[in-house]
Amino acid sequence: MPEPASLSDADERVLRHLADATADYPALVAANTGLHIPLVERRIATLEERGFLEAATGERIYRITSAGRDALAGETPDATVPATSVPTDETVADGGTSTVDAE
């Protein structure tokens, strides 16, 4: 897996679109970035695994996370934290930020 701060061109295009659009379907991300749908779906899965995106609804609508915004800005504070280890004080539903558990 690439380093947390390294983003491919496709990753960056997906993140930039979602940063501007707030949330979107993979097909619309593809249409708005000029990328093929299968590529966008693969990149979304990877970016979600890395904690840069999250599902906004059960209908496969995705949005960028604070870690994704940090990655776009070239920062990596929470980029290495897997999505499964996000602490309980995260407020995903209202777009809040997450912090790292002190374990």
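Right above here is the structure, for reference.
Residues numbered from 1 in each chain as written. Predicted model: local features only at pLDDT ≥ 70, side-chain atom pairs only at ≥ 80, totals over all residues. Heavy atoms only, no water.

Enquirer: Would you mind showing me how to read the overall build of the protein chain here?
Expert: Check the secondary structure of the protein chain and you find four helices and two strands. Taking all 103 residues of the protein chain together, 36% fall into the buried category. Approximately 5,900 Å² of the protein chain is accessible, and the part contributed by carbon and sulfur atoms is 51%. (Helix = DSSP H or I, 4+ residues; strand = E, 2+ residues; numbered from the N terminus. Buried < 20%, exposed > 50% of the residue type's maximum accessible area, 1.4 Å probe, protein only. Areas by Shrake-Rupley, 256 points an atom, 1.4 Å probe, with all protein chains shown as cover.)

Enquirer: I'm lost on the pattern of salt bridges in this one. Help?
Expert: Side chains carrying opposite charge are able to pair once their charged atoms draw close together. Taken as a whole and assessed by the stated rule, the structure comprises five salt bridges. In this structure, the salt-bridge partner of R43 is D11, at a minimum N-O distance of 2.6 Å. Of the two residues, R43 sits in helix α3 (residues 37-49) while D11 sits in helix α1 (residues 9-21), which places them 32 residues apart along the sequence. Considered together, R43 and D11 belong to a single accessibility category, that of buried residues. For E54, the salt bridge goes to R63, with nearest N and O atoms at 2.6 Å. (Salt bridge = Lys/Arg side-chain N within 4 Å of Asp/Glu carboxyl O.)

Enquirer: Which parts of the structure should I look at to understand the side chain of R50?
Expert: Mapped onto the elements of the fold, R50 is located in the loop between α3 and β1 (53-55). Engagement of the side chain of R50 in a polar contact is seen with the backbone oxygen of S6, the distance being 3.2 Å. (Polar contact = N/O pair within 3.5 Å; in protein donor to acceptor, adjacent residues only side chain to side chain.)

Enquirer: Just to check I follow, could you spell out helix α2 (residues 26-33) for this structure?
Expert: In an α-helix, one full turn covers 3.6 residues, which means residues spaced three or four apart are oriented alike. Those residues of α2 that sit buried are P26, V29, A30 and T33. Buried residues in α2, looked at end-on, bunch into an arc of 100°, giving them a common side. Those residues of α2 that are exposed and aimed more than 90 degrees away from the buried face are A31 and N32. In this structure, the buried residues of α2 make contact with α1, α3 and β2 (62-64). (Arc of directions from axis to C-beta. Contact = heavy atoms within 4.5 Å.)

Enquirer: What's the story with the packing of α2 against α3 in this structure? I'm lost.
Expert: The description of two helices packed together rests on the angle between their axes and the distance between the axes. Closest axis-to-axis distance for the α2/α3 pair is 9 Å, and the angle between their directions is 115°. Judged by the sense of rotation from one axis to the other, the crossing of α2 with α3 is right-handed. Counted together, P26, A27, V29, A30 and T33 of α2 and I37, V40, E41 and I44 of α3 form the full contact between these two elements. Across the contact of α2 with α3, the residue classes break down as seven nonpolar, one polar and one charged. (Axes fitted to C-alpha atoms, helices over the stretch in contact; angles between N-to-C directions. Left-handed = near helix turned anticlockwise from the far one by under 90°. Nonpolar A, V, L, I, M, F, W, Y, C, P; charged D, E, K, R; others polar.)

Enquirer: Can you help me understand the side chain of T33 in this one?
Expert: With respect to the element layout, T33 can be found in helix α2. With relative accessibility at 10%, the residue T33 sits in the buried group. Not counting residues up to four positions away in its chain, the partners in contact with T33 are R13, V14, H17 and V40.

Nothing here speaks to function; it is all geometry.
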